[in-house]
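Structure assessment
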Amino acid sequence: MKKLSNLFANNRSWSDRLREQDPTFFPTLAGQQAPEYLWIGCSDSRVPANEIVDLLPGELFVHRNVSNIVVHTDMNCLSVLQYAVEVLKVKHVMVVGHYGCGGVRAALEQKSHGLIDNWLRNIRDVYYKHRALVGPWKDTPQQVDMMCELNAVEQAYNVCNTTIVQNAWNRGQELSIHGWVYSLKNGRLTDLEFCADGTENAEAELHQAINRVESTRAFS
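Residues numbered from 1 in each chain as written. Predicted model: local features only at pLDDT ≥ 70, side-chain atom pairs only at ≥ 80, totals over all residues. Heavy atoms only, no water.

Under an unreviewed UniProt entry, the protein chain has the name Carbonic anhydrase and belongs to Marinobacterium halophilum. Turning to the protein chain, the UniProt annotation filed under Catalytic activity (unreviewed entry) states: "hydrogencarbonate + H(+) = CO2 + H2O". Checking UniProt for the protein chain, the heading Sequence similarities (unreviewed entry) contains the comment "Belongs to the beta-class carbonic anhydrase family." (UniProt positions renumbered as here; feature names shortened; annotations may be inferred.)

The following block contains the structure:
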């Protein structure tokens, strides 16, 4: 039985390096968790949340799943969201997709992928909603990237409509919901111009973000 000793060696090296740089790092980290941000992103191993925004452990609360989906029946995601909003009091929730997402492509393929098709059906729903914008599905790189943007925006809007976020806004809590997308090709984040900070502007932010996707893709 392999015990992955190389990963433990990597861990020791990482720990030693951080303690050498800052002897108080781990004691301070163990004493508190007070992040201002919740990152809801894709499980893809090439999209490491903390590294992308250059934040240390303890500075970013993270939830990841296949294709950064937020649905109102996912108790895992909702539990993370509730803890982040009601206990940690994060000020920002970022839903972050990434270009070339395999889950987005798989969702629109005309073949079975097994159990995960039930999960990916949520992305197909996004496609059907925006089919006039995306066009008949031909699996082009441009269509996949557009769907990655649209999916991130729609999932950010779903976050806004959770009872957790609605209740936070109703009690006057400072909380903004963002929709972003990440490029594997250059390591850069793009703001999809969805930034809702209350019930009254969530719908307007959705339309603004969709218009941005339409206008930028028209010139790509």
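What follows picks up the thread again.
Strand order in the open sheet formed by five strands is E2-E1-E3-E4-E5, and the pairing between neighbours is mixed. At either margin of the open sheet sits one strand with a lone partner, and together these are strand E2 (60-65) and strand E5 (189-196). For this sheet the average axis-to-axis angle between neighbouring strands, irrespective of direction, equals 20°. Two strands pair when backbone bridges link them, and strand E3 (residues 92-98) and strand E4 (residues 176-182) are joined in this way by seven bridges, in the parallel orientation. Directly across from Met94, in E4, lies its bridge partner His178. Here helix H4 (residues 75-87) sits on the sheet in contact with strand E1 (37-42), E2 and E3, set at roughly 170° to E2. (Pairing = 2+ DSSP bridges. Helix = DSSP H or I, 4+ residues; strand = E, 2+ residues; numbered from the N terminus. Axes fitted to C-alpha atoms, helices over the stretch in contact; angles between N-to-C directions. Contact = heavy atoms within 4.5 Å.)

Another aspect to go through is the layout of surface pockets. Here the largest pocket defines a volume of roughly 260 Å³. As for the largest pocket, its lining consists of Trp14, Leu18, Asn50, Glu51, Asp54, Leu55, Leu56 and Pro57. For the lining of the largest pocket, the secondary-structure elements that each account for two or more residues are helix H1 (5-21) and helix H3 (49-52). A per-class count over the lining of the largest pocket returns five nonpolar, one polar and two charged. (1 Å grid on protein atoms, 1.4 Å probe; cavity = no way out; pocket = protein on both sides within 12 Å on 5 of 7 lines; lining within 4 Å. Points joined across faces, edges and corners; volume = space filled by probe spheres on them. Nonpolar A, V, L, I, M, F, W, Y, C, P; charged D, E, K, R; others polar.)

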